[in-house]
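So you can see what is in the structure, the chains are spelled out below.
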Amino acid sequence: MHMTRTGIVCPLCQTLTKERVYLVFSHQSPGPQRVVTNRRWCPTGCHLTNSEQWKETTLPFHGVE
């Protein structure tokens, strides 16, 4: 299941980022087993206008949280 949620603070403008995450569920547990971040972006556009700085200052987000 995919969903969009509020993420970390943008290192360039201090706005809360948005994240597209994938939730892995199991029929044996009521909640998600894993949350994998697929994409992160800044609503103000920092990820587009300052793409090199964005890549350098944003923590790697692929993998399990």
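Residues numbered from 1 in each chain as written. Predicted model: local features only at pLDDT ≥ 70, side-chain atom pairs only at ≥ 80, totals over all residues. Heavy atoms only, no water.

Considering the pattern of salt bridges
Working step 1: The final tally for this structure, using the stated rule, is two salt bridges.
Working step 2: Here Arg 5 ties to Glu 19 by a salt bridge, and the two come within 2.8 Å at their closest N and O atoms. One end of the pair, Arg 5, is in strand E1 (residues 2–9); the other, Glu 19, is in strand E2 (residues 16–24), with 14 residues separating them in the sequence.
Working step 3: Notably, a salt bridge pairs Arg 40 with Glu 19, separated by 2.5 Å at the nearest N-O pair. (Salt bridge = Lys/Arg side-chain N within 4 Å of Asp/Glu carboxyl O. Helix = DSSP H or I, 4+ residues; strand = E, 2+ residues; numbered from the N terminus.)

Quick word on the environment of Phe 25
Working step 1: Structurally, Phe 25 can be placed in the loop between E2 and strand E3 (34–41).
Working step 2: Relative accessible area serves as the criterion here: at 43%, Phe 25 is assigned to the partly exposed category.
Working step 3: The spacing of Phe 25 and Met 1 is 24 residues in sequence and 8.2 Å in space, taken between C-alpha atoms.
Working step 4: With near-sequence residues (within four places) excluded, Phe 25 lies in contact with Met 1, Gly 31, Pro 32 and Gln 33. (Buried < 20%, exposed > 50% of the residue type's maximum accessible area, 1.4 Å probe, protein only. Contact = heavy atoms within 4.5 Å.)

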